[in-house]
Amino acid sequence: MTQTSKRDDHAGGPMDRVADLGKDIGSYIRQQRNNAKISLRQLSKLAGVSNPYLSQIERGLRKPSAEILQQIAKGLRISAEALYVQAGILDHPVGGPVVEAVRADTSLTERQKQVLLDVYESFRRENLGTHLAGDSSASRDHKE
């Protein structure tokens with residue numbers, strides 16, 4: 001097999017997926033910016049990122065670091081976590097409508113959101129443990 005054919009075999013491989021992530025995050029940022037009715041120049045000032053660099057991110061020409069995503073999220077007044085998920089830095093969160101509502105609340109800081117979600121998750125685990133313990137004792141009662 002020649003070197004060229006090996007490269008052809010990898011079409012759609014990891015490097016292509018990385019390039020797609022850059023386009024995905026760029027279009028997501030543009031969509032969020034348009035939803036917020038903020039110009040590219042305004043977001044550039046709010047995020048502390050140069051106008052040309054932000055434009056390149058939106059067009060998928062540059063893949064921003066986690067720090068730049070955090071600045072952009074702050075400028076857009078959205079969760080940095082949402083941008084991290086979109087960029088492929090974090091896995092898509094699981095949790096349902098309560099978790100989504102907490103993450104979407106722009107009046108809470110990221111720290112407050114995390115504390116709320118930690119408490120919520122601890123209650124869910126506790127109740128699941130109680131429920132499972134109740135089921136096992138119920139099944140013991142039926143065996144005797």
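This section reports on the structure supplied with the text. (Residues numbered from 1 in each chain as written. Predicted model: local features only at pLDDT ≥ 70, side-chain atom pairs only at ≥ 80, totals over all residues. Heavy atoms only, no water.)

## Digging into the overall build of the protein
- When helices and strands are tallied, the protein shows 8 helices and 0 strands.
- Secondary structure elements of the protein, listed N to C terminal, follow the sequence α-α-α-α-α-α-α-α.
- In the protein, the proportion of contacts linking residues at least 24 apart, taken out of those at least 6 apart, comes to 46%.
- Accessible surface, the protein: about 10,100 Å² in total, of which carbon and sulfur atoms supply 53%. (Helix = DSSP H or I, 4+ residues; strand = E, 2+ residues; numbered from the N terminus. Contact = heavy atoms within 4.5 Å. Areas by Shrake-Rupley, 256 points an atom, 1.4 Å probe, with all protein chains shown as cover.)

## A few points about the layout of surface pockets
- A volume near 280 Å³ is recorded for the second largest pocket.
- If you go around the second largest pocket, you meet 14 residues; those closest to its centre are Ala73, Lys74, Ile78, Leu108 and Glu110.
- At the level of elements, helix H5 (66–76), helix H6 (80–87) and helix H8 (110–143) are the ones that each hand at least two residues to the lining of the second largest pocket.
- Take the lining of the second largest pocket: its biggest share by element is 3 residues, from H5.
- In terms of residue class, the lining of the second largest pocket is made up of 5 nonpolar, 4 polar and 5 charged. (1 Å grid on protein atoms, 1.4 Å probe; cavity = no way out; pocket = protein on both sides within 12 Å on 5 of 7 lines; lining within 4 Å. Points joined across faces, edges and corners; volume = space filled by probe spheres on them. Nonpolar A, V, L, I, M, F, W, Y, C, P; charged D, E, K, R; others polar.)

## Describing a nonpolar patch on the surface
- Residues Val115, Val119 and Phe123 make up a contiguous nonpolar surface patch of roughly 250 Å² in combined accessible area.
- Within the element layout of this structure, valine 119 appears in helix H8.
- Valine 119 gets classed as partly exposed once you look at its relative accessible area, which sits at 39%. (Patch = residues over 30% accessible without salt bridge, like charges linked within 9 Å, V, L, I, M, F, W, Y side chains within 5 Å. Salt bridge = Lys/Arg side-chain N within 4 Å of Asp/Glu carboxyl O. Buried < 20%, exposed > 50% of the residue type's maximum accessible area, 1.4 Å probe, protein only.)

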